[in-house]
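# Analysis of the macromolecular model
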Amino acid sequence: MNVLVVGGAGYIGSHCVRQALAAGHQVAVLDNLSYGHAESVPEGVRLFRVDMGDQALVRDALRTHQTEVVIDFAAFTNVGESVQQPERYHENNVVRTEGLLQAMLAEGVKKLVFSSTCATYGIPDKMPMTEDLPQNPINPYGATKLAVEKRLRELAASHGLSFAAFRYFNAAGASADAAIGEDHSPETHLIPLAIAAVLGRRPPLKVFGSDYPTPDGTCLRDYVHVDDLSRAHLDVLPQLNQPGQALFYNLGTGTPYSVKDVIASVGRVLGRPVPYECAERREGDPPALYADASKVRRELGWVPRYDTLDSIVLTACNWHLARPKGYAS
Ligand code: UDP
């Protein structure tokens, strides 16, 4: 298919681009490069350096690429930052995404795969988490993604948009050849910070909260390899075969790991312990989030190929060792 990957120069998007190429799709990237990295876009793939909120330019890109489906990864994704700057998150994640949606409808592009998040559920009353749990986000990031989910349902009913929304758990790791990986600025995620602490590139890791109601007192998360995560976006394309489809999938492995499990894994993989200290809880962090991934496994035949934490962490370590400073850009 002719696929336009919006946010395709970002962490997850860039992995999806490579997989889409390998699967034989015609791929172009639309990214404003506010957080993305131009050098993560493979040679030969057209990069439209455009903001998704700019309807005229997005329409041009959709037409030029003869787009059949949009895969949209473009969003601000930092929970802590969203608590500090809710307006900025709303403007980018909701208002500009609406611009993208309007441009798609105007060009008759009615298939979309959308990046949503388990943060739309808030603090769930049931674990593992199924797709039918109530959605009550406890931070603005989750609220912005839920707002778009609701909008997509409306557009499916009113305009025949056919979409799949994946509610991600914790994306982690890097490509197996260490050519692309995670490079956020500022970096806030656990695995890269733990690796950097071992390598002496950053101060000791702060463990945000050690008094949670979990087995070791630290938060439980469901870490899913970025290549497994992005592959699901391609696995779902054959399902978008009728107008008005509204598909929702939790995307995680279903196995919870604590912050201390991650610390132990990084220590094992690098052969040196992670220096860390216990700190206050971080605002907006639920104690436990892990998926019941049976729906995506059943309906899409999706199975994570990286099925242990160490295998995920190994790819992240290889990327950080190969690229001490991340992307040059
Ligand atoms: N975390 C931590 N120290 C850090 C960064 C993260 O203890 O410096 C914890 C955080 O509280 C959460 C888990 O690690 O429980 C994963 O956080 P991350 O920011 O990687 O992803 P999130 O779950 O926020 O999407």
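Above: the structure in question.
So, a few notes on the structure that sits alongside this text.

## Quick look at the sheet that holds strand β3 (residues 46-48)
Reading across the sheet, the seven strands line up as β3-β2-β1-β4-β5-β6-β11 and stay open at both edges, with parallel pairing between neighbours. Strands with a single pairing partner mark the edges of an open sheet, and in this sheet they are β3 and β11 (246-251). In this sheet, adjacent strand axes meet at a mean angle of 20 degrees when their direction is disregarded. With seven bridges joining them, strand β5 (residues 111-117) and strand β6 (residues 162-168) adopt parallel strand pairing. Paired with Val113 across the bridge in β6 is Ala164. Together, β5, β6 and β11 form the strand contacts of helix α5 (residues 140-159), whose direction differs from that of β5 by roughly 155 degrees.

## Notes on the pairing of strand β4 (residues 69-72)
What you see with β4 is no split at all: Val69 and Ile71 on one side and Val70 and Asp72 on the other are buried throughout. One ladder, built from three bridges, connects β4 with β5; its direction is parallel. Across the sheet, the residue bridging to Asp72 is Phe114, located in β5.

## Points about the pattern of salt bridges
All told, the structure shown has 17 salt bridges when counted by the stated rule. The partner of Arg167 in a salt bridge is Glu149, and the shortest N-O contact between them spans 2.8 Å. Here Arg167 is found in strand β6, whereas its partner Glu149 is found in helix α5, with 18 residues between them in sequence. The exposure class of Glu149 is buried, given its relative accessible area of 1%. Between Arg231 and Asp228 there is a salt bridge; the shortest N-O distance is 2.9 Å. Taken as a pair, Arg231 and Asp228 lie in helix α7 (residues 226-235) at a separation of three residues, close to a single helical turn. One connected set of salt bridges, linked through shared partners, spans Arg59, Asp60, Arg63 and Glu107.

## Side note on the packing of aromatic side chains
The geometry of an aromatic ring pair is captured by the separation of the ring centres together with the interplanar angle, meaning the angle of the planes. With the rule as written, the count across this model stands at five aromatic pairs. Measuring from centroid to centroid gives 5.4 Å for Phe163 and Phe248, while their planes differ by 85 degrees, and the two rings are edge-to-face. Here Phe248 lies in strand β11 and Phe163 lies in strand β6, a separation of 85 residues in the sequence. Within the aromatic cluster, the residues linked to one another by ring pairs are Tyr35, Phe76 and Tyr89. One cation-aromatic arrangement involves Arg281 over Tyr212; the distance from NZ or CZ to the ring centre is 4.0 Å. Here the basic side chain of Lys295 rests over the ring of Tyr249, its NZ or CZ set 4.8 Å away from the ring centre.

Conventions and cut-offs
- Residues numbered from 1 in each chain as written.
- Predicted model: local features only at pLDDT ≥ 70, side-chain atom pairs only at ≥ 80, totals over all residues.
- Heavy atoms only, no water.
- Pairing = 2+ DSSP bridges.
- Helix = DSSP H or I, 4+ residues; strand = E, 2+ residues; numbered from the N terminus.
- Axes fitted to C-alpha atoms, helices over the stretch in contact; angles between N-to-C directions.
- Contact = heavy atoms within 4.5 Å.
- Buried < 20%, exposed > 50% of the residue type's maximum accessible area, 1.4 Å probe, protein only.
- Salt bridge = Lys/Arg side-chain N within 4 Å of Asp/Glu carboxyl O.
- Phe/Tyr/Trp six-rings, centres within 6.5 Å; stacked < 30°, edge-to-face > 60°.
- Lys NZ or Arg CZ within 6 Å of the ring centre and 35° of its normal.

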